[in-house]
Structures are given as structure tokens and as C-alpha cells.
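# Coordinate inspection notes
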Amino acid sequence: MFTAEQIQSLFGQPVIEYLQNKNRGGINGEKGSTYENFYALYQLAVLAKDVIELDRDATLYGQAFAFVDDLMVDRHDNPVLRNYQLKNSSTVTWGKGDKSIQDDFYKQKILNDSISRESEISLVVSNRDLQDRLSEKCPASIRDFSQVLYFPYEKGLSQLLTKYPDLQESIEYLCAFEDPEIDKIECVANVLLGAIVSSARENLSVREILEKAQSFSPSYIRSLSGTFTLDPQVAKILSNIKKFSYNTDRGFLHWDYGDGILTGTVSHSVDSEQFEKIQRLVKNANPTTFVEIQDFLL
């Protein structure tokens, strides 16, 4: 998003060298940065609902060439550019002078202004007491556009999902299953994380990352399409089977027989070629009982 020429014209050559060293260090440590990857996963999951339901996309930039560079979120319909600096340490301070966090935030605001973007710049820390202290001591020069956020650090994704319900809830929304168990939520989270890590230097949009994750595991991640309809003939066949009910929530066919005696989810999304093949088979067979339809649902 930003070029060396833009930054040099605003701040001079010594600042370019500082950013090049900073960006190089960030890229070298990127693969091992569990904290940063987990936070990018959280942002992706939070943004996904607007992408799916409102078609409001955003682009995630990891290790951008910028002053506040760990993560940058550009929502395509919003003038505010969101920059995040993540610090998994208990000794973080705002600092003073060149190369301090305070100075990086101040310069990032100037850089965002130069491309006519508003700024929301966040320092993300893994300790709530530290969050409170840094919030109270936020320097006046950056206070109007800066905030300190809390995001816990855990070595494993399963522990993080348990400790941070907001992440679990956002991932659950992206599951293909109704009321998914924690192992399925964790599976979806891992697939999404893999798509993020493999896309880190590509600057893909949220929708593109979701599509990439869905291609990795199409049976676990909800459809990204906004409408889910069955073939009218198939819908009529299913509606005529006694004690059988279904819905197409999340883009998958979820079914119930006998008020919970048997339940399941067809493993292909309603908008997939595989599901269209299933619909053709159902129409040809024209089943009238659950025993007759059951093989098509498994």
C-alpha cells in the first residue's frame, strides 16, 4: 500500500532505512509469530460476517511496509485505515523519540493522512493490567487516534479458543455445522489459520482468504454464497417424507428425522457441483420414506 518513495518524501532517507530493517526483521520472524497469526485469525473471523452477509470486503496486510506494521486492515467501504502493533511482553512502554512506539504511531498517522485515509491505530497487548496502564499513559500527541487493546496469548489454538470466547463465537459462525462441537470449531480455526499463513505476503482480501480456506476443507466451512435454495422438486420430495425436516442454514443441508432420533449434515454445500449431483439422483429415485432417502444424505 505504501512505497519507499512516498515515505522518503515525507520523512527522508534515514527513516526509509529504519523501516527496511524493521520490515526485514518482521518478515524473518513472521512464521514463528504465533501471537500475530492468532490475532490475524481473530480479525479475519470478525470481518467475515460482513463479507458474507453484506458483501463488504476488506484486505489484510501482514508485515506491511509501514511504521505500525504487524497487521493492517483496509475495509473497502470505509475511509478508516486500521493499523495494529502487537506486543506479547509485560514490559512494553510508549517510549520517546525516534523508533519508539509513540513515534511510530505518530508517523503512521502522517503516512495515512498522505493517502487521504483516516487512522485508527492500536497497540495490542496480552496483559490486561498492562493494557490499563498504557491506556492511561497514552501520549497526548497520539491519543486522538490511538487505543490499547487486549488479546490473550496462548501457545495452542485450542487453549486460545477456550480462553477468548469472542474468537470462538466468530469461528463458530464460519462452521458448516449447526451448534458445532469444540473439535469442529478448532478444525475450522486451524484451516483458516493455514489460509492466513500461506497468504501472508499476498495481501489477499478477506473473501479470498475464506475461499482459499474453503478449498482446503469444503465440508467444514460454511458457504460464502448469500442464497441457499434447493431444486423445487427435491424440496417437495423432502417435505413429503414423514417425520423428516431440514434447513439450508450456512449453505449446507441439515436434516432431522423423528425429532432428533437421527440428525446429520450433507457434506457438500448446497451451491456445489457435488450437491447438484445428489439432487439429480434424488429426483431420479423419488424416495418417499426416510429409509429410501437416507443413503443420499450420508
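Our subject is the structure listed above.
Here, residues in each chain are numbered from 1, in the same order as that chain's written sequence. Where totals are concerned, whole chains, interfaces and linings use all residues; where local detail is concerned, this predicted model gives features only for residues with pLDDT of at least 70, and gives and counts side-chain atom pairs only at 80 or more. Based on all heavy atoms of the structure, the side-chain values leave hydrogens and waters out of the count.

### What to know about helix 11 (residues 273–285)
A helix here means a DSSP run of H or I that spans at least four residues, while a strand means a run of E at least two residues long, and both kinds are numbered starting from the N terminus. Helix span, as expected, comes to 1.5 Å for every residue beyond the first. For helix 11, which comprises 13 residues, the first-to-last C-alpha distance of 19 Å matches the rise-based estimate of 18 Å (1.5 Å per residue) to within 8%. Burial classes follow relative accessibility: with a 1.4 Å probe on protein chains only, a residue under 20% of its type's maximum area counts as buried, one over 50% as exposed, and anything between as partly exposed. For helix 11, every residue scored as buried is listed here: Phe275, Ile278, Gln279 and Val282. All buried residues of helix 11 lie within an arc of 100° about the axis, which places them on one face of the element. Exposed side chains of helix 11 directed beyond 90 degrees from the buried face belong to Glu273, Lys277 and Asn284. Summarising the contacts, the buried residues of helix 11 are in contact with helix 10 (232–239) and helix 12 (290–297). To obtain the arc, one takes the directions from the helix axis to the C-beta atoms. Here, residues are in contact when the closest pair of their heavy atoms is within 4.5 Å.

### Overview of the packing of helix 1 (residues 4–11) against helix 4 (residues 101–114)
Only the stretch in contact is used when a helix axis is fitted, and all axes are lines through C-alpha atoms; the angle between N-to-C directions ranges over 0 to 180 degrees. One way to put it is that helix 1 packs onto helix 4 with a least axis distance of 11 Å and a crossing angle of 115°. For helix 1 against helix 4, the interelement crossing comes out right-handed. Taking contact as the criterion, the partners of Ile7, Leu10 and Phe11 in helix 1 are, on helix 4, Lys107, Ile110, Leu111 and Ser114. Of the residues assigned to the contact of helix 1 with helix 4, the class counts are 5 nonpolar, 1 polar and 1 charged. A crossing counts as left-handed when the near helix is turned anticlockwise from the far one by less than a right angle, and as right-handed when that turn is clockwise. Charged residues are taken to be Asp, Glu, Lys and Arg, nonpolar residues to be Ala, Val, Leu, Ile, Met, Phe, Trp, Tyr, Cys and Pro, and polar residues to be all remaining types, Gly included.

### Topic: the pattern of salt bridges
A side-chain nitrogen of Lys or Arg and a carboxyl oxygen of Asp or Glu constitute a salt bridge if their distance falls within 4 Å. Inspection of every chain in the model, using the stated rule, returns 12 salt bridges. Of the charged contacts in the structure, one is a salt bridge between Arg56 and Asp77, with a shortest N-O distance of 3.5 Å. Of this pair, Arg56 sits in the loop between helix 3 (34–54) and strand 1 (58–62) while Asp77 sits in the loop between strand 2 (71–75) and strand 3 (80–87), placing them 21 residues apart in sequence. Overall, Arg56 belongs to the partly exposed group, its relative accessible area being 40%. Put simply, Glu154 and Lys163 hold a salt bridge, and the shortest N to O gap is 3.2 Å. Judged by relative accessible area, which is 19%, Glu154 ranks as buried. Using a relative accessible area of 45% as the deciding quantity, one classes Lys163 as partly exposed. Each of Asp98, Asp103 and Lys107 takes part in one network of salt bridges that share partners.

### A look at the packing of aromatic side chains
The relative placement of two aromatic rings is captured by the distance of their centres and the angle of their planes. Centres within 6.5 Å are what make two rings of Phe, Tyr or Trp a pair, Trp counting through its six-membered ring; a difference in plane orientation under 30 degrees is then read as stacked, over 60 as edge-to-face, and the rest as tilted. Overall, the coordinates contain 15 aromatic pairs when judged by the stated rule. With centroids separated by 6.0 Å and ring planes inclined at 50°, the aromatic side chains of Tyr39 and Tyr42 adopt a geometry described as tilted. Of the two residues, Tyr39 and Tyr42 are both situated in helix 3; the distance of 3 residues between them amounts to about one turn of the helix. One aromatic cluster in this structure is built from Tyr35, Tyr39, Tyr42, Tyr84, Phe151, Tyr153 and Tyr164. One Lys or Arg, Lys184, reaches over the ring of Phe177 and ends 5.2 Å from the middle of that ring. When the ring centre of Tyr173 is taken as origin, the NZ or CZ atom of Arg222, which lies over that ring, is 4.4 Å away. A ring is scored as having a charge over it whenever the NZ atom of a lysine or the CZ atom of an arginine sits within 6 Å of its centre and within 35 degrees of its normal.

Function-wise, these values are silent; they only describe arrangement.
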